[in-house]
Protein chains: 2
Amino acid sequence: MVARCSVDYVGRLTAHLPEATRVIMVKADGSVLIHSDGGSYKPLNWMSPPCTTRIVSSDAEETVEVWTVENKAGEQLVISVHEVLHSGEHELGVDPGLVKDGVEAHLQRLLAMHVHVLGEGWSLVRREYPTAIGPVDLLCRDPYGRSVAVEIKRRGEIDGVEQLTRYLELLNRDPLLAPVAGVFAAQEIKPQARVLAEDRGIRCVVLDYEALKGSDDPGLRLF
Amino acid sequence: MVARCSVDYVGRLTAHLPEATRVIMVKADGSVLIHSDGGSYKPLNWMSPPCTTRIVSSDAEETVEVWTVENKAGEQLVISVHEVLHSGEHELGVDPGLVKDGVEAHLQRLLAMHVHVLGEGWSLVRREYPTAIGPVDLLCRDPYGRSVAVEIKRRGEIDGVEQLTRYLELLNRDPLLAPVAGVFAAQEIKPQARVLAEDRGIRCVVLDYEALKGSDDPGLRLF
DNA sequence: CGATTGATTTCGGAC
DNA sequence: GTCCGAAGTCAATCG
């Protein structure tokens, strides 16, 4: 529907949209999206499913109908429709969904197959090495048999370094593994993350996804 | 537009949508959104502005037209339209935008006005107390004149505890302030965050936004 | 312009 | 069902 409307949301926060012309989309699962003619993919206001909509005709001067969308938690989206410019309904059916490539899991799998790019003679102990606070992406051994924990990110930021630090602290309590060194590997490493990592003795490695993917002779960039 | 279509995205990742009926929305700024009849407000696929769309009529058997949406970075969204079920265009005009209430800045302001809810006889030194790695939300003093750094979140999670820990480490190097205690205040504190905080001697406080907002006699819940 | 941080984040996976 | 980490995160703020 395209309509002149004003909207109020009361739930996790309180928000108000003054009167303007907008697109109101209602999906098969009951969710409601209110879009303006700009911005990115995020609606100005919305209600996530599951939720139910109650529509009441209004006899007020300036309002045609009032939609009240509510979910189980009692959050409410109240849409005052002042003028309907277009309205339509379409049956879409179930969507087969999106197929992705290039995310962290792929990076992890690729690097696991090519741990030698981290250093000459390195070997993989295992992927998703378990610890009490969660699995380490890769556990490796260098040629001298020393353990190295590897944390892989698409974009390396401070919280990734913190995560690896917590793993290292835990792993180093294990006398069978200690001492365990750390490697922070990512397609891109933010300066502050690099500073923090190196301050803690963690080596930073920038990964080239296309090179890892494309060949058994990866032209990996090591900085 | 409502259309049977298939979509390919090549950019920061590679993604493919098999043929299905979907809603294609083009905004005034050129951005394109492809929605299915479910999920939440996030489209299945999209292109953010600024970007340009080139539409080419197709003489292929099963395709009416092919849309190529491209941005400055060279990321491409290619939409093969197989059948158009509905098409329409509407001028919406500029949107006055959303007015919000209830976010972290409000929490910080409210707690700053009512630091006594953290403890009898506490006082505020200042909001946004500056440190080398960024401002601490609140710096307070308890009745004995000891410094307390307060980190405020809407939802308290592990990274918030890490953030406060870094501040405390820095603040405790300042002989004029040390020793500095820590308080982690949030409307909701996740169990893992609470465990980590208390392990580090940081006190956790659950805030009641409505009570803080509603009265000078806040019925604050302290756990 | 990059870096940091919050978001009604949403989304998916594991336990 | 809950918790936790990733996201084509996006978007605002600040240096």
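Residues numbered from 1 in each chain as written. Chains lettered and ligands numbered in written order. Predicted model: local features only at pLDDT ≥ 70, side-chain atom pairs only at ≥ 80, totals over all residues. Heavy atoms only, no water.

Focus on the interface of chain A and chain B
Between chain A and chain B, the contact holds 49 residues from the first and 49 residues from the second. For the pair chain A and chain B, the summed buried area comes to about 4,400 Å², and 60% of that belongs to carbon and sulfur atoms. Of all residues in chain A, the largest losses of buried area upon contact with chain B belong to Asp37(A), Tyr41(A) and Leu92(A), amounting jointly to 18% of the total for that side. Counting the contacts that link chain A with chain B gives four salt bridges. Across the pair Asp95(A) and Arg22(B) runs a salt bridge, and its minimum N-O distance is 2.6 Å. Connecting chain A to chain B are 20 residue pairs in polar contact (both at pLDDT 80 or more). Those elements that place two or more of their residues in the side of chain A that touches chain B are strand S2 (14–26), strand S3 (32–35), strand S4 (45–47), strand S7 (76–86), strand S8 (99–101) and helix H2 (158–171) of chain A. Examining the composition of the side of chain A that touches chain B, we find that 11 residues originate from one element, S2(A), more than from any other. Grouping the constituent residues of the side of chain A that touches chain B by class yields 22 nonpolar, 15 polar and 12 charged. (Contact = heavy atoms within 4.5 Å. Buried area = accessible area lost by both parts, 1.4 Å probe. Salt bridge = Lys/Arg side-chain N within 4 Å of Asp/Glu carboxyl O. Polar contact = N/O pair within 3.5 Å; in protein donor to acceptor, adjacent residues only side chain to side chain. Helix = DSSP H or I, 4+ residues; strand = E, 2+ residues; numbered from the N terminus. Nonpolar A, V, L, I, M, F, W, Y, C, P; charged D, E, K, R; others polar.)

Some thoughts on the sheet that holds strand S12 (residues 180–189) of chain B
Residue and element names in this part refer to chain B. Overall, mixed pairing links the five strands, which are arranged S9-S10-S11-S12-S13 in an open sheet. With one partner strand each, in any of the chains shown, strand S9 (123–129) and strand S13 (203–206) form the two edges of the open sheet. Ignoring strand direction, the axes of neighbouring strands in this sheet form an average angle of 30 degrees. Examined bridge by bridge, S12 and S13 share four bridges and lie parallel to one another. (Pairing = 2+ DSSP bridges. Axes fitted to C-alpha atoms, helices over the stretch in contact; angles between N-to-C directions.)

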